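The chain contents come next:
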Amino acid sequence: MKVSPSEVSFIQKGIEHNIRTDGRSRVDYRHFSLESGEIVHSNGSARLKLSDTEVLVGVKAEITQINKENNNASGNNINVNKRLIFNVDCCPSASPEFEGKGSEFLNIELAQQLDRLYSHPNVIVGLYNTNDNTKYDPPTATTTADDNENSNNSSLTIVPNKYYWTLYIDAIVLDSDGNLFDALSIATRAALFNTRLPKIKAIQGEYEEITFEVNDDPFDTLSIDIKNVPICVTMTKIASQFVIDTTTREELCMDARLTIGVNSSSNICSIQKGGISGLDPPTINQMINTAKVVGLKILSTMDQALLDIQLLK
Amino acid sequence: MKIDYRSGNSIKTQIPLDYKEYLKRKEDKQQQQQQQQQSTQPTGAITYKRKDRLDEQFRQIFMKTGIVTQASGSCYLEIEKTKVLCSVYGPRATPKTELFETAKLNCELKYATFSSNKEKFDYLENTKEKDQSLIIYQSIIGSLRLDKYPKTVVDVYILVLNDDGDVLVSAITAASMALADAGVEMYDMVASCSAVCIKDATLINPTAQEETLTEGAGKILVSKMPSHNNITQLIQTGELNYNNVLESVNLCIDGSDKIYSIMKQNLIDSLLRQQKKDGDGNEINGITTNAADDQMEE
């Protein structure tokens, strides 16, 4: 899609006057609808519709074995400390620009942004029992001398220093009308809330081997505590002002954007700048401040909505 | 490729130690903060004590332009053990770019297979390299006047020879130096600086060891065009509170200003050296030198 110079000027002037092409003001968010648990084969899923932007996120949990010897071998390319692995795919059906290699860099940018957003070790505070909302204590390491253990998402432990849950978070962009960063982060948060991990008991065999016993009751599962999981808010600078929740048209005439991750304790979890022109420090301060306010508002609305969904089920 | 004999080279630069003022400011701020609120420190779990230098001190930086003879411009940059080589080809014509109104910037970062002992890098570009290439691209594109070179392409290739932390900072700085060396018209050079925020300290210019030890802590990278006071790239990972973010961004801005002065000095030195080597009789070279000088002042 392309915009003509007169269209650009129309959008810019509108934003200067605090009214956008769809009637919103600069800091208005579009309505979004959230559905969860749509994909039956995944551990958790969510679909977000933000006006015409539509993203689908699926969470698959897998057991990863960590081998101490393998860790040190140079052939191992995967970061063994990572418990959350993100992958974003922009469908060519969403926009012809995404066809072939067109979405290659966008996919990486989106996935890396999510990765940055979840880079803090305490993103997932813990697990709780789905049925009675009581806290579930993951098995802790008996030997204390392990650095990796303490520094990372230890709540996803099955057997300390041996087996962990790895969550593969795959997002598909089905339709795009701007603001993909925010949409993806909100959908990911909802998908994590929806994720159910089976209860697993590890049984030490006679020798080294460990066998797993999965709980018989399919409803007796574990959920993820998303209290500390952030979402991101993208501030886009158009002309001399900045706006939130841009449409594709507005994105085409932007100068720069700043994607800011915010969590419920109003801490900043990630910042990423995009776009080609620069920003001056005072604007950045303002943007972060505004993002904090907007982010907290979205988080509280979202938490309420997620609770409602849970009660309905 | 010319070999760099470090012993004979005099332009090894150390950032002056004028951190006293900063430290004082920081103490004041800390006191203020303590009085105001005992806010929750999100990075509370991670502590690390730097031994060989101050928290706000840079490692020694060495840079030299004109290393690769075949390239239009090149720069070799060392921040102690982090070694980066950047070469710029172009602006040159390619059949693909015939229709573009502005030049296309192409940016590629590659880790040498032997650059790190933690990760093994293939000959194929992996996700990390692609992501970092994108970050570098976004940092430098704002500084270039690409509209001056229609129908051309500018290629920036960065090779990381040794990774001892702060690769992105070195790569961005080297790329900007190489572009200036190539004589690509630009508004300003881009200087960059990064910091790690841990419990009650902010470590500037972390080494690879510090990066791994503080994994999960807040990290900030800022790249900036100092004479425009424009921030061209800002990346943060890890959880930090608002005040911490602002403080470390400011610290990084200060740091990149310092790097910028070194870059400028190095560029002037290299031009003077070139002039001396070519002799005063060579007019063509004299003109190009002047032009480049003008450009930098701009």
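Residues numbered from 1 in each chain as written. Chains lettered and ligands numbered in written order. Predicted model: local features only at pLDDT ≥ 70, side-chain atom pairs only at ≥ 80, totals over all residues. Heavy atoms only, no water.

Quick reminder of the rule: UniProt positions are given in the numbering used here, feature names are shortened, and annotations may be inferred rather than shown by experiment.
Per an unreviewed UniProt entry, the recorded name for chain B is Exoribonuclease phosphorolytic domain-containing protein, and the organism is Polysphondylium violaceum. For the record of chain B, the UniProt heading Sequence similarities (unreviewed entry) holds the text "Belongs to the RNase PH family."

Identification of chain A as Ribosomal RNA-processing protein 42 from Polysphondylium violaceum is taken from an unreviewed UniProt entry. Under the Sequence similarities (unreviewed entry) heading, UniProt states for chain A: "Belongs to the RNase PH family."

1. Considerations on the interface of chain A and chain B
Selection rule: Contacts were defined at the residue level, with two residues in contact if any of their heavy atoms lie within 4.5 Å. Here's the idea: put two parts together, see how much 1.4 Å probe accessible area each one loses, and the total over both is what we call buried area. The rule for a salt bridge is simple: a side-chain nitrogen of Lys or Arg has to be within 4 Å of a carboxyl oxygen of Asp or Glu. Under the DSSP-based scheme used, a helix requires at least four consecutive residues in state H or I and a strand at least two consecutive residues in state E, with every element numbered from the N terminus. In this scheme, strands are said to pair when DSSP sees at least two bridges between them.
The interface is formed by 36 residues belonging to chain A together with 30 residues belonging to chain B. Summed over both partners, the interface of chain A with chain B comes to about 3,200 Å²; 53% of that surface belongs to carbon and sulfur atoms. Of all residues in chain A, His120(A), Ile271(A) and Lys273(A) bury the most surface against chain B, accounting for 17% of the area lost on that side. Where chain A touches chain B, the interface holds 2 salt bridges. Residues Glu104(A) and Lys130(B) are paired through a salt bridge, measuring 2.8 Å at the closest nitrogen-oxygen approach. Among the secondary structure elements, those contributing two or more residues to the side of chain A that touches chain B are α3 (104-117), β16 (268-274) and α7 (281-312) of chain A. For the side of chain A that touches chain B, the element with the highest residue contribution is β16(A), accounting for 7 residues. Pairing geometry for β16(A) and strand β10 (residues 230-237) of chain B, over 2 bridges, is antiparallel. Looking at the pairing, Gln272(A) lines up with Ile235(B) of β10(B).

2. Let's talk about the environment of Leu296(A)
Residue and element names in this part refer to chain A. For clarity, the threshold we go by: The cut-offs for exposure are 20% and 50% of the maximum accessible area for each residue type, with area from a 1.4 Å probe on protein chains only; residues under the lower value are buried, those over the upper are exposed, and the others partly exposed.
Mapping leucine 296 onto the fold places it in helix α7. Classification of leucine 296 by relative accessible area gives partly exposed; the value is 31%. Placed 32 residues apart in sequence, leucine 296 and serine 264 show a C-alpha to C-alpha distance of 6.1 Å.

3. Regarding the side chain of Asp164(B)
All names here are of chain B. Relative to the helices and strands, aspartate 164 resides in the loop between β6 (152-162) and α3 (167-182). Take aspartate 164: its relative accessible area is 18%, and that puts it in the buried class. Each residue touching aspartate 164, except ones within four places of it in the same chain, is listed here: Arg59, Lys81, Thr82, Pro206, Thr207 and Ala208.

4. Quick word on the packing of aromatic side chains
Which entries qualify depends on this criterion: Aromatic pairs are defined between Phe, Tyr and Trp rings, using the six-membered ring for Trp, whenever the two ring centres lie within 6.5 Å; interplanar angles under 30 degrees are classed as stacked, those over 60 as edge-to-face, and all others as tilted.
Here the structure, examined in full by the defined rule, presents 5 aromatic pairs over all chains. Ring plane angle 75 degrees and centroid distance 6.3 Å describe the contact between Tyr29(A) and Phe32(A), whose orientation is recorded as edge-to-face. A relative accessible area of 29% means that Phe32(A) is categorised as partly exposed. An angle of 55 degrees between the planes, with centres 6.0 Å apart, marks the rings of Tyr89(B) and Tyr157(B) as tilted. Of this pair, Tyr89(B) sits in strand β4 (residues 82-93) while Tyr157(B) sits in strand β6, and the two are 68 residues apart along the sequence.

5. Observations regarding the nonpolar core
Condition: Note on terminology: a nonpolar core comprises buried Ala, Val, Leu, Ile, Met, Phe, Trp, Tyr and Cys residues joined through side-chain atoms within 4.5 Å. An automatic or database domain assignment supplies the residue ranges for each domain.
One finds Leu167(A), Ile260(A) and Ile136(B) to be the most contacted residues of the largest nonpolar core, which totals 139 residues. Per element, the largest residue contribution to this core is 12 residues, and it comes from helix α5 (residues 242-278) of chain B. Two domains each donate at least three residues to this core, and these are domain 1 (1-30 + 230-313) and domain 2 (31-228) of chain A. Among residues more than four places away in sequence, those in contact with Ile260(A) are Ile231(A), Cys232(A), Val233(A), Met235(A), Ile268(A), Ser270(A), Ile271(A), Met287(A), Ile288(A) and Ala291(A). If you look at the next biggest cluster of nonpolar residues, it comprises 7 residues, including Val3(A), Ile15(A), Val243(A) and Cys253(A).

6. What about the sheet that holds strand β15 (residues 256-262) of chain A?
Going by this rule: Angles here are taken between N-to-C directions and fall from 0 to 180 degrees, while the axes themselves are lines fitted to C-alpha atoms, restricted in helices to the stretch in contact.
Spatial strand order, β14(A)-β13(A)-β15(A)-β16(A)-β10(B)-β9(B)-β7(B)-β8(B): 8 strands in an open sheet with antiparallel pairing. Since the sheet does not close on itself, it has two edges, and those belong to β14 (241-244) of chain A together with β8 (201-204) of chain B, each with one partner. Each adjacent strand pair in this sheet contributes to an overall mean axis angle of 25 degrees, direction not counted. Strand direction decides the pairing type here: strand β7 (residues 191-198) of chain B and strand β9 (residues 218-225) of chain B, joined by 7 bridges, are antiparallel. Within β9(B), the position partnered with Ala191(B) by the bridge is Lys224(B). Those strands touched by α3(A) are β13 (231-238), β15 and β16 of chain A together with β10 of chain B, and its axis lies near 155 degrees from that of β16(A).

7. Considering the confidence of the model for chain A
Let me state the cut-off plainly: Confidence of the predictor in every single residue is expressed as pLDDT, which spans 0 to 100.
Mean pLDDT for chain A: 83, with 89% of residues reaching 70 or above. Across residues 71-78 of chain A, where pLDDT falls below 50, the model places 7 contacts with residues more than four positions away in sequence or in other chains.

8. Digging into the pattern of salt bridges
Taken as a whole and judged by the stated rule, the model has 19 salt bridges over all chains. Notably, a salt bridge pairs Lys224(B) with Asp257(B), separated by 2.9 Å at the nearest N-O pair. Separated by 33 residues along the polypeptide, Lys224(B) in strand β9 and Asp257(B) in helix α5 bring together distant segments of the chain. We classify Lys224(B) as buried; its relative accessible area is 3%. Each of Asp22(A), Arg24(A), Arg30(A), Asp177(A) and Asp245(A) takes part in a single network of salt bridges with overlapping partners.

9. Examining unusual backbone geometry
Phi at Asp245(A) takes a positive value of approximately 50 degrees, unusual for a residue other than glycine. Assignment of secondary structure puts Asp245(A) in the loop between β14 and α6 (248-252). Unusually for a residue other than glycine, Asn229(B) sits at a positive phi of about 50 degrees. As for its position among the elements, Asn229(B) is in the loop between β9 and β10. We classify Asn229(B) as partly exposed; its relative accessible area is 36%.

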